[in-house]
Amino acid sequence: MELSKKIQPIVLAYDEAGWTEKTTACLIAAGLDNIHYADRDGVGSMAKAFNRSAAQVMIREQPPEYIWFVTNVTFPPEMPAALLQAIEADERAIAIHPAFDSDHPHIRQYGQEVRPAPFIEWTAPLVWARGWEEVGPLDEAMPYVHFDLDWSRRAAIAGWSLLVDSRYRLGHTYLWKEAPEPISQLRRSLRSLRHAGSLARMEEKWGQDWRTKLCPTGTCG
């Protein structure tokens, strides 16, 4: 099976030295050289950049079956095919996420299984394209954070399941936390400035108790 005929990688471009190049090399090694880069001018809205890129690939004459939204990650070459096999084995699955050193324990856990998840992050989710169109795009009122939690909830309400594949581990660094370069520090500042607005949007959509309803792990700020 030629992966590039089923999966369209959308890679969020980073200005921090080396990160986009590392991710690109991993994709090419996995047979996914059909890369679409999402540009956010280094520090802009992650939700907006992914939405715009997804819209661009979905209006093609032959849109992809799956969209792989990818940030600054590394991974073994066999992982994308394994993710695809796992999501296609579950007829109710709309998205699957590989494990990594996440802030959320259900994504951080490693093992030899594919498990249901209460929500997924937007670090590297593989999403069924028709399901993406049904659930709708990421909420751009949450430019840096919470949009993945919101999208996960909307998918669950629509009757879809979310999965985490604990068999594989992404290499990933939360660059806004580590802030290795000036542009990382600027992104952290912008994220902080927009955080209150994201919280207000979550309350508007899901109520003041949104953490209890949407984040049973108690790890969502």
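Residues numbered from 1 in each chain as written. Predicted model: local features only at pLDDT ≥ 70, side-chain atom pairs only at ≥ 80, totals over all residues. Heavy atoms only, no water.

Engineer: For this particular structure, what's the right way to read the packing of helix α6 (residues 147-157) against helix α8 (residues 182-206)?
Structural biologist: The description of two packed helices rests on the angle between their axes and on the distance between the axes. Taken N-terminus to C-terminus, the directions of α6 and α8 make an angle of 15°; their axes are 11 Å apart at the nearest point. As summarised for this structure, α6 and α8 are arranged roughly parallel, according to the angle between their axes. For the pair α6 and α8, the sense of crossing is left-handed. Residues L149, D150, R153, R154 and I157 of α6 form the contact with α8, whose own contacting residues are M202, K205 and W206. Residues that form the contact of α6 with α8 fall into these classes: 4 nonpolar, no polar and 4 charged. (Axes fitted to C-alpha atoms, helices over the stretch in contact; angles between N-to-C directions. Helix = DSSP H or I, 4+ residues; strand = E, 2+ residues; numbered from the N terminus. Parallel < 35°, antiparallel > 145°, perpendicular 65-115°, else oblique. Left-handed = near helix turned anticlockwise from the far one by under 90°. Contact = heavy atoms within 4.5 Å. Nonpolar A, V, L, I, M, F, W, Y, C, P; charged D, E, K, R; others polar.)

Engineer: Is there a simple way to think about the sheet that holds strand β1 (residues 7-12) in this case?
Structural biologist: What links the strands of a sheet is backbone hydrogen bonding, and the strands pair in either a parallel or an antiparallel sense. The strand order across the open sheet formed by 7 strands is β2-β1-β3-β7-β5-β8-β6, and the pairing between neighbours is mixed. Looking at strand neighbours, the two that pair on one side only are β2 (36-38) and β6 (114-116), the edges of this open sheet. Geometrically, the sheet is characterised by an average inter-axis angle of 25° between neighbouring strands, direction not taken into account. Across 3 bridges, strand β3 (residues 66-70) lies against strand β7 (residues 126-128) in antiparallel orientation. Paired with Y66 across the strands is W128, a residue of β7. (Pairing = 2+ DSSP bridges.)

Engineer: Honestly, the environment of E113 in this entry has me stumped. Any pointers?
Structural biologist: Relative to the helices and strands, E113 is located in the loop between α4 (105-108) and β6. Judged by relative accessible area, E113 falls into the partly exposed class, the value being 38%. Placed 81 residues apart in sequence, E113 and L32 show a C-alpha to C-alpha distance of 24 Å. Those residues in contact with E113 that sit more than four places away from it in its chain are V164, D165, S166 and R167. (Buried < 20%, exposed > 50% of the residue type's maximum accessible area, 1.4 Å probe, protein only.)

Engineer: What is the right way to read the pairing of β3 from this model?
Structural biologist: The side chains of a regular strand alternate, first on one face of the sheet and then on the other. The element β3 is largely enclosed, with a buried count of 5 among its 5 residues. Neither face of β3 is left uncovered, since the one carrying Y66, W68 and V70 and the one carrying I67 and F69 both have all their residues buried.

Engineer: It is not clear to me how the pattern of salt bridges should be interpreted in this structure. Could you clarify?
Structural biologist: Working definition: two side chains of opposite charge can pair if their charged atoms are close together. The tally for this structure, following the rule as stated, stands at 13 salt bridges. Taking the shortest distance from any N to any O, the salt bridge between E140 and R52 comes out at 2.5 Å. Residue E140 is located in the loop between α5 (129-135) and α6, and its partner R52 is located in helix α2 (residues 46-58); the two are separated by 88 residues in the primary sequence. Exposure remark for E140: the relative accessible area of 29% places this residue in the partly exposed category. A salt bridge links D150 to R154, with the nearest nitrogen and oxygen atoms 3.0 Å apart. Here R154 and D150 lie together in helix α6, a separation of 4 residues that amounts to about one turn. This pair shows no difference in class: D150 is buried, exactly as R154 is. Linked by salt bridges that have partners in common, D139, D150, R154, R201, E204 and K205 make up one network. (Salt bridge = Lys/Arg side-chain N within 4 Å of Asp/Glu carboxyl O.)

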